[in-house]
Every structure is written in structure tokens, then in C-alpha cells.
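Topology and contacts: notes
Residue strings, one per chain:
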Amino acid sequence: MKLSSFAWPAWILAAIAIHGLVARYLIAAEPPAVHSPVSPADSLKHLFVPTGLKVELVAYEPEVIDPVAIRFDEDGRMWVVQMRDYPTASTKGNQARSRISILSDRDGDGFFETATVFADNLRYATGVQPWKGGVFVTMAGEVAYLKDTNGDDKADLMETWYTGFAEKNTQLRANHPQLALDNHIYVANGLRGGEVVDARHPDAKPVSISGMDFRFDPHTGACEAVSGVGQFGLTFDDYGNRFVCSNRNPAIHVVLEDRHLKKNPLVAVSAVATDVAKAGGDSRIYAIGRSWTTSHLHAGQFTAACGVHIYRGDALPREFYGNIFVCDPTAHVVHREIMKPLGVTFASAPVPPPAPPQIGEGGVEFFASHDEWWSPVNLEVGPDGALYVADMYRAVIEHPHWMPTELRQRPDLMLGNDLGRIYRIVPENFSAPAAPRLSAMSSTSLVELLAHPNAWWRETAARLLLEREDKGVRSQLERVAIDHDSHIARIYALRLLEGLGLLRIEVIRRLLDDSHPRVLEQAIIAAESRLDESDELRFSISQLARREDARVRFQALVTARPMPSAPAFPADRWELDAMLIAAGQRGGAVLEGMLQQPAAIAKNVGEPKRFIADLARLAAASRDDRQWAAAVKALAGSSEYSRVGFTGLLAEAPRGMSLDSLLSKLDDTSRGELNRAFADARADAANVDQDESVRCEAIDLLATLGDATDTLLPLALGDPRQPVRLKAIAALRRNQDIEPWRQLLDGFSGETPAVQRAILDGVIATAARTSLLVDEIAAGRIKPTELDANYTKLLLNNSDAAIKSRAEELLVLPADREQALAEYRTVLTMKSDPARGRGVFEKHCATCHQIDGMGIQFAPDISDSREKTAEQLLTDIIQPNRAIDSNYFSYTAVTVDGLVHTGVLAAETSTSVTLKQAEGKSVTFRRDEIEQLRSDGVSFMADGLEKNIPPQDMADLIGFIKNWRYLRSQQAPSADP
């Protein structure tokens, strides 16, 4: 029997014909686990929602197959994106099969019984945004505009607007086009980036969205990269705050917009977004059926978070408004969190309702199923205020790209490719309102809808007004913006006036006196493009930088950029970043003002030393002698912050400028204070009885000097405290003298792995030192096996041709990875010692991987290996590039001062880049500090790791990875791999 051919009872068929499939869920007894597909009607028997709510089935196969996105147009019709080509790639032999259908509920019973195929044979469609009677569609590699021009509900116009979105993985593509409060359409990246080209203006400069999302103006087509990088999901709250998600991160708030960072390129930030909900191993979800994850350690956690949505409808009880909902098809649940403001951003907490006794003690999610085929992937609010859920209804939600080669042809990947369901969640006593007919409403009537309690009505009315560009509503919008009782209506009217080009400065001035902080915030944002027209406007916004509300302060700082002062209220990291942006080229003056209020800094700044150091760096980066002098003067008078401040200041000294040249910019008093700071630092660094943290701070300051080798080298060679040694070795990295590295390499073989890595980090940073390392290897004083595989990779791929050539002679790796794997297959038959394998792991793997609390979780999780065979583990070790996630590609950054840094690209903005490195380290650069940034095109884990691991060690290592859980109880002192 075909999967789509269910034997449905006659009474169900009659119910479908008369009323559609609508059912309440009452959990009287636990249904059996479902391992095979069931009919749409039977699927309702396996669903759970909280008491007082019910689930209704509103559409299902064959009209809906593999639904991944839902949107409602102005007349209440449901546009459904169906990714019918999932999970196979679209090739010549495999036709594109994605489809967009328009579904209508003509009799108003809640079931969408009429379906029309609007567009067919699309390639991996992921989302739609209604616009001017048609829709913008995200699909494989592009954003297109589709429209029916002759009234038959079938697209006969297709315009390609943007191309160049990455297509490296069919599951990770641009998605969720959504019109926002700022009158732009946003698109989630999909995690793979791209070089986006305006297809209608091919001569325009491509827009890189590496590590960033995308937005465009639907009127003008102007487009740009924006902060944040969402996987599959994008949503907004009532105030335009944008949230995205990724597999392990259910709700991410994008805090710092790229346009604000561009205002001060001297500021390098390590992050632009933050987790609102607990993520990864800290997350918790409750499945009521069997869930499958690639790692057992991920069981009960988010592993496939998608379709994040902030509910803003009016059908569910009021306590649900503003809650975060997110799907996880792996666990067959829709998760709910209550979100509250936290400084500039937000924090949320999960709300697992109490589980009925038959389900278990752990709780149950907001919406869950026993049915293992039930796969919710997206959410939407409808005109009726209900929460709609798109269910792909498949046996497996997992793309073959993530699977071992031997599993990529598994037959169950295609099971369910003719199924799909859409549900809505409503109160038990729900009575659906009449279907909307907004297309026939006048512009005046649409303005009145901006205060509607259901965000769908507000947003759809705003969209139609934006589409119509009706200038006649100006006075009405102004009255709403200034006088309406609803602050949300005031906000919508304000932003519409801006989007329609009708916003007068007088209206902005009025709203900058509004009593509601969210209106103030939006007025500041709306004023951003008008500041050059009015100094008075800029001054008014500057005054708001000391308001009690954190988001008002934040927006005032990044918009008007007033002279920041010591915070009067607790300031989170985002407000401190805003202060740095606002400081602009005035870092020294701002630092001087800050240090006049040390008590306020200590009270309201979480990491005051770090903040002062950042301000000092900003003062130096300005290359303004006056700011430099002001910073030195301010720091000289601060007993608490002088050392970290001077460190930040001198770390930003212009390349090639000597200390004497820098000192010459100062008066005698300031020069004396700086010299005294260095003298104190030398004393503290060398004092073995001094506190370790004080010594490390002193070393950081000495690292900025070109002549501190006499103090630093003895510490690097033999200080009894390893953290001090590591800090001293890192400090010498800035020194151009090659002699310290000769001495450090001389004792290399006898050092601990951590010290060896620190030495290699410093040596590999310049060509001269790297040549010295190659000399040591050639002379036999350092064995090739003593080099971590990543350092071997850096030598073999060195940009210096002479070094590369010599490394290829000295560090020969098997060119054929299959040959290397074949040579190591003998380990699969060896007896292993897992306890001994722990030491092998610590030496060779712990800098990037973590097992049982040992090591750093930098690379993919390998700790849960119960479903991985020993052969799979061996293959992954010897062939790390066989199936690599591009999130772990190795990147190399060469700075303008000639230093080389490698790592994984962790964050990217138009002004800065952050590389995440082994051992939990990271480094952030401004763009102007980088001479070259390139992807090495391979895994950060290099080929050739096995050359440092003899066969018996490899067997022990695999034994440890397989059996580490049992070592603590000594249940498996010895085991086969």
C-alpha cells in the first residue's frame, strides 16, 4: 500500500466532506508509540496541548506536502511553501519539485478545503512574503518575485531580484523573507553566506553576507548585509527586535546592527547577537515519544531548533502574547518560553506544563506528539489569531550531507515525501472571526487597524499602506502617531510615515517627549536619517542617553553618539559597546571623563578593567595626539585602572612607532607616570610571591614594549607557574627579536603540551621564526611527530615558498588518505586500553574536543559515540575533510604587522572579524588590522594527525572515545575498540 493511501473509516471521510478535519485533543490514556505513518485524523489522537486549548487540522496531503512555511495574504488566504524536493539535491536527473499553493477556507469552518497551485517546479523554496498581489520567494540561491497578472491564481510573472545566496547544502539556504517594522524585507542567511548580486542591476557591487543576514527595500531594491546569521527561522517582536535561531540555539536576539558598527570602524566587537533562551547543552526539551539524535548526549536538548516565532495573536489567552515558540522536529515538539527584558536585550525561561501521570514526571512541551513522523518545522499567526504549525510529517528530518556515506542511500529518507499537515492551536471555546477582506478596504480604514490586538492585522494593514504609497493618509497617520491611546499604534504610524517619506521633524520632536519608552526608542530610530537636518534633534536624542530605560539609552548612544559618561545605571555589554561606538574619535576625552567617576564605573560596569582598556585602545586607534595625551593623563591619575589602560593604549600604537616616539607626544608629568608604570610592571612580573593575576596583567603591559625581553624571557623559560610562563611566551610574540625563540625551541621537546603549543603559536607567527622551526626539524632536534597536525598543516601550506618547500621534504604525509586509512585498519583488531587512551586524547585532541569535562568544546562533539563504530571514528580521525561542516573550515588571518593567526570564523561584521581558536581562545580584529583573510578550504582539524599517534595509541584512543563513560566506575578497564 502506498503511504498516501490510508484506509480511513467512513465516518472520518464523512466528517471531512461536511466539516473538514477538526478535533479536540483529550489525553485520556497514553497512545502507543507510532513507528509508521497514520492518517491525518488519527494523528490528532497523538497530540498534546495544555488544558484549555485544542488542536485543529486545517490542511493535509495531497494538497499540502512537506510544508515548510505559511503566510496569509490580506484576504486570509493561506500561502503554503512545500519543499517537495527534500532532501535530495536538484539536478538534471532529479527535477525541482518545490511548490507554492494558495489555500482558501471558503465556508469559514476553519478547514482550508480549496487549493490552487500558484507556482510549481521551484528549486528548494523556503519562504514567501506577500507584496503587491504577489509574493517574494526565497529558493535555491535567489530571491524572486512571483505574481498572477490575469486572475487565475497561477504565477505568470517571475522576476529574479537577487542571486548569489550560497547553495552548498540543500538544507541550509536563505529563508524566511519577512517585512519588518522598518519597511524592509529581511532574509535569514541559512548559515552558508554568499555574494549576493542585484539581478536587475548586475553592475552593482555584490553584497557579501558571510556571517550576516540580508535585507532589501521592496520599493527601491536597495539591499545590504545586516547583523545576525539565522539558520531556519526569523521573527520580530512588536518593536522590531529581530530574532533568529540555529539547530542548537532556539532563540537568538540580534542586538547590534551593522549600520551602527559602521559609524565607528575603530570599534571591534566579538559578537552582535546573544542567546535569549538557553542553548546547546544548557537547553532542555521534553519529548513524549521516542526522539532520535545523532548524539545521545544531546537527548533532551535542542538539536534541530527551527521556525522560531514570537506569538502576537489574540486567539490564545493573554499570557501567551509575546512568548517565544520554536519547533524541534527531532523531538516532535513545539517549545514555549516566556521572554522578559534584560537590559538592552532579553532573557527567556521555558514553560513546560505539568505532564499527565501517564506521560511521565519530566513534563511535556506546549505542543507535542507520540507520533515519530510528526515533524513541526515552522509557525505562523493567522488572521484569526491562532497559532499555525507546519508539519512536514516525514520518517526522517535529516539531510544526507550530515550522514556517514554508508547511510546516505537509506530508504527511509524518502518515506513521507507525499505527506504533510498543517494545524492550528486555539482555545477550547474558540469562535473564528469572519475572514478578512483587507484588499477592499480604504487606506483610511487600514490606518484604523494599526491598533488591532492581533499583530497580523496591524502588519498586513501597514504593508498595504506601504504598497499603495497613498500620501493622502499623512494627516491621519500623524494624529495616530501623536495622540492614539495605543503605544503600538503610535509606533506603527510613526514608522509608516518614515517608510512613505512623509515624516516631518516636528512629529519626531513630539514623539521624543512621549511617555512610553518603546515609542521613544522608535522615535530615535526613525530620526536616524534626519540628524543632519537639525542640531536640536541631535541634542534632544543625546539627552536621552541617560534615561532609565536601557534600550532608550542604547538607541540614543548609537544614533546621536553623544559624549558618553560614566553610566548612572547598570550597563550590560551591549550598552558598553554602544558607548564605544558613540565615543567615535574621542576615546581619550571619554576616558578622561569616565575616570573622574570611578565609583559609578565600579558599580555599573560588570568588567570595568576590560571596558577601560577598550576605551584606551579606542583613544590610540584614533591616531590623534590630543586623544593619546588625554588618555595617558587620565590613566596616570588612576591607581586602579592605569595598568590595564596603558596596556590597551600601547597595544594600539601605530605600527613601527617606537616607545620614544610615543613618549615624545606627552608632557613631562605624563611621561614620568608612564615610565613609572613600566617599572612597576617589571617588578610585579618578576616577583614570584605576587598574585598570579597581577603578574599576568603586568606581563600584558610589558608585551607592548619592544625592549622587555630581559624581563619576559626568564619567565617564559622557567617560571614555576605555568599560566605566567604561557602569558610571557605570548607576550614575546610581539617582539621582533628572533633570539628568544632560539632559546625557547632549544628546550621544546622537554616542555608540556600547553607550553609547546604556546611556543609554536609564537614561532609560526612570522616567516623568520618559522624558518627557525624548520631548521630545528631538519637538524633533528625537534621531531615531526612532536608537532600537532594543525601546525604541520600551517607549515605545508605556508605562504612563504621556501618554507613550504622545505616542509614538504621534512613532513611528508601520505598523499592518499585512503592509503593512510588502510594502513591503520589494523588498530580495529587490537586490544585497547581506554584508561591509557585518556592520555592520548588529552595530548592530541583536548585542545579542540571535550569528553567527560576534559578538554575544550571547540570542534564538533565527539563524546557520544555509542552509535558510531570504531571504523567510523578511525575514518573521521584520518580523513577529517571527508564530510566537513563549513562552520569548522580553517581560516587564516595575516595582520598588517605581519603576524599570522588561524582559527574558525566565529563572527563577522563590516568592521571586524573574530576567529575562534583551540584551547578556548579567540581573537578579534578590526578590518583595517587585517592584511589578508582567507578560508583554507579544509577542516580546522588537519590531515595527518595519525602520524603522531602510533597504532596502539590509536586503538587506545578509540577505546577511550567509545568507553569513557565506564572508566569512572571501572566497569570497563579493558575493551575492544
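Conventions we followed
- Residues numbered from 1 in each chain as written.
- Predicted model: local features only at pLDDT ≥ 70, side-chain atom pairs only at ≥ 80, totals over all residues.
- Heavy atoms only, no water.
- Helix = DSSP H or I, 4+ residues; strand = E, 2+ residues; numbered from the N terminus.
- Expected span 1.5 Å × (residues − 1).
- Buried < 20%, exposed > 50% of the residue type's maximum accessible area, 1.4 Å probe, protein only.
- Arc of directions from axis to C-beta.
- Core = buried A, V, L, I, M, F, W, Y, C linked by side-chain atoms within 4.5 Å.
- Contact = heavy atoms within 4.5 Å.
- Pairing = 2+ DSSP bridges.
- Salt bridge = Lys/Arg side-chain N within 4 Å of Asp/Glu carboxyl O.
- Phe/Tyr/Trp six-rings, centres within 6.5 Å; stacked < 30°, edge-to-face > 60°.
- 1 Å grid on protein atoms, 1.4 Å probe; cavity = no way out; pocket = protein on both sides within 12 Å on 5 of 7 lines; lining within 4 Å.
- Points joined across faces, edges and corners; volume = space filled by probe spheres on them.
- pLDDT = per-residue confidence, 0-100.
- Axes fitted to C-alpha atoms, helices over the stretch in contact; angles between N-to-C directions.

**Focus on helix H19 (residues 668-686)**
Relative to the 27 Å expected for 19 residues at 1.5 Å per residue, H19 spans 27 Å between its end C-alpha atoms, a close match to the ideal helical length. Of the residues making up H19, those classed as buried are Ser670, Leu674, Ala677, Phe678, Ala681, Asp684 and Ala685. Down the axis of H19, the smallest arc covering the buried residues is 130°, so these residues share one side. The outward face of H19, more than 90 degrees from its buried face, is lined by the exposed residues Asp668 and Thr669.

**Description of the nonpolar core**
Core analysis: the largest hydrophobic core is formed by 226 residues, its most contacted members being Met78, Phe366, Phe367 and Leu795. Setting aside its immediate chain neighbours within four residues, Leu795 contacts Ile764, Thr770, Leu773, Val774, Ile777, Leu787, Ile803, Lys804, Ala807 and Leu811. With 23 residues, the next largest nonpolar core counts Val827, Met854, Ala870 and Ile961 among its residues.

**A short note on the pairing of strand E21 (residues 306-310)**
With respect to burial, E21 is a largely interior element, 5 of its 5 residues being buried. In this sheet, strand E22 (residues 324-328) lies alongside E21 in antiparallel orientation, the contact comprising 3 bridges. Along E22, the bridge assignment pairs His309 with Phe325.

**Some points on the sheet that holds strand E10 (residues 157-165)**
On the basis of which strands lie adjacent, the open sheet formed by 6 strands has the order E7-E8-E9-E10-E13-E14 and antiparallel pairing. Only two strands of the sheet have a single neighbouring strand rather than two, namely strand E7 (127-131) and strand E14 (207-208). Sheet topology places strand E8 (residues 134-139) next to strand E9 (residues 142-147); 5 bridges connect them, and they run antiparallel. Residue pairing in the sheet places Met139 in a bridge with Glu142 of E9.

**Here we look at the side chain of Ser542**
Locating Ser542 in the fold gives a position in helix H10 (residues 535-543). For Ser542, a relative accessible area of 17% translates into the label buried. Setting aside anything within four residues of it in sequence, one finds Ser542 in contact with Ala560 and Pro562.

**Some thoughts on the pattern of salt bridges**
Enumeration over the complete set of coordinates arrives at 54 salt bridges. Its salt-bridge partner being Lys45, residue Asp42 comes within 3.1 Å of it at the nearest N-O pair. Overall, Asp42 belongs to the partly exposed group, its relative accessible area being 24%. For the salt bridge of Glu521 with Arg518, the shortest nitrogen-to-oxygen distance reads 2.7 Å. Linking Glu521 with Arg518, this pair stays in helix H9 (residues 517-527), spanning 3 residues, or about one helical turn. Residue classification places Arg518 among the buried residues on the basis of a relative accessible area of 13%. If you follow the salt bridges from partner to partner, you end up with Lys54, Glu56, Asp384 and Arg424 in one network.

**Side note on the packing of aromatic side chains**
Under the definition given, this model contains 24 aromatic pairs. Consider the rings of Phe367 and Trp374, whose centres lie 4.8 Å apart with planes at 75°: the pair is edge-to-face. There is no split in this pair, since Phe367 and Trp374 are both buried. By the ring-pair criterion, three or more aromatic residues cluster together here, those being Phe136, Tyr145, Trp161, Tyr162, Phe165, Phe214 and Phe216.

**Overview of empty space enclosed by the protein**
Evaluated as defined, the whole model comprises 2 cavities of 30 Å³ or more. Estimates place the volume of the largest cavity at around 570 Å³. The wall of the largest cavity is formed by 38 residues, among which Arg71, Gln129, Gln178, Leu179 and Glu459 lie closest to the centre. Going through the elements one at a time, strand E3 (67-72), E7, strand E11 (175-179), strand E17 (234-236), E21, strand E26 (376-381), helix H5 (455-468) and helix H7 (487-499) are the ones with two or more residues in the lining of the largest cavity.

**Looking at the pairing of E10**
As judged from the 6 bridges shared by E9 and E10, these two strands associate in the antiparallel manner. Following the sheet pairing, Leu146 is matched in E10 by Met158. Across 3 bridges, the pairing between E10 and strand E13 (residues 194-198) is antiparallel. Directly across from Tyr162, in E13, lies its bridge partner Asp198.

**Structural notes on helix H6 (residues 474-483)**
One turn of the α-helix equals 3.6 residues, which is why residues spaced by three or four share an orientation. Burial in H6 covers these residues: Gln476, Leu477, Glu478, Val480 and Ala481. Contact partners of the buried residues in H6: helix H4 (443-448), H7 and helix H8 (505-511).

**A word on the confidence of the model for the chain**
Chain-level statistics for the chain give a pLDDT mean of 85 and a share of 85% at 70 or above. Across residues 1-32, where pLDDT falls below 50, the model places 64 contacts with residues more than four positions away in sequence or in other chains. This model gives residues 969-977 a pLDDT under 50, and the stretch forms 25 contacts once residues within four places in sequence are excluded.

**What about the sheet that holds strand E28 (residues 421-427)?**
Across the sheet, 4 strands lie side by side as E2-E28-E27-E26; this open sheet has antiparallel pairing. Taken across any chain shown, the strands that pair with only one partner, and hence form the sheet edges, are strand E2 (53-60) and E26. The mean inter-strand angle of the sheet, taken between neighbouring strand axes irrespective of direction, is 25°. Direction of pairing for E26 relative to strand E27 (residues 387-391): antiparallel, over a ladder of 5 bridges. When the bridges of E27 are listed, Glu380 appears paired with Tyr388.

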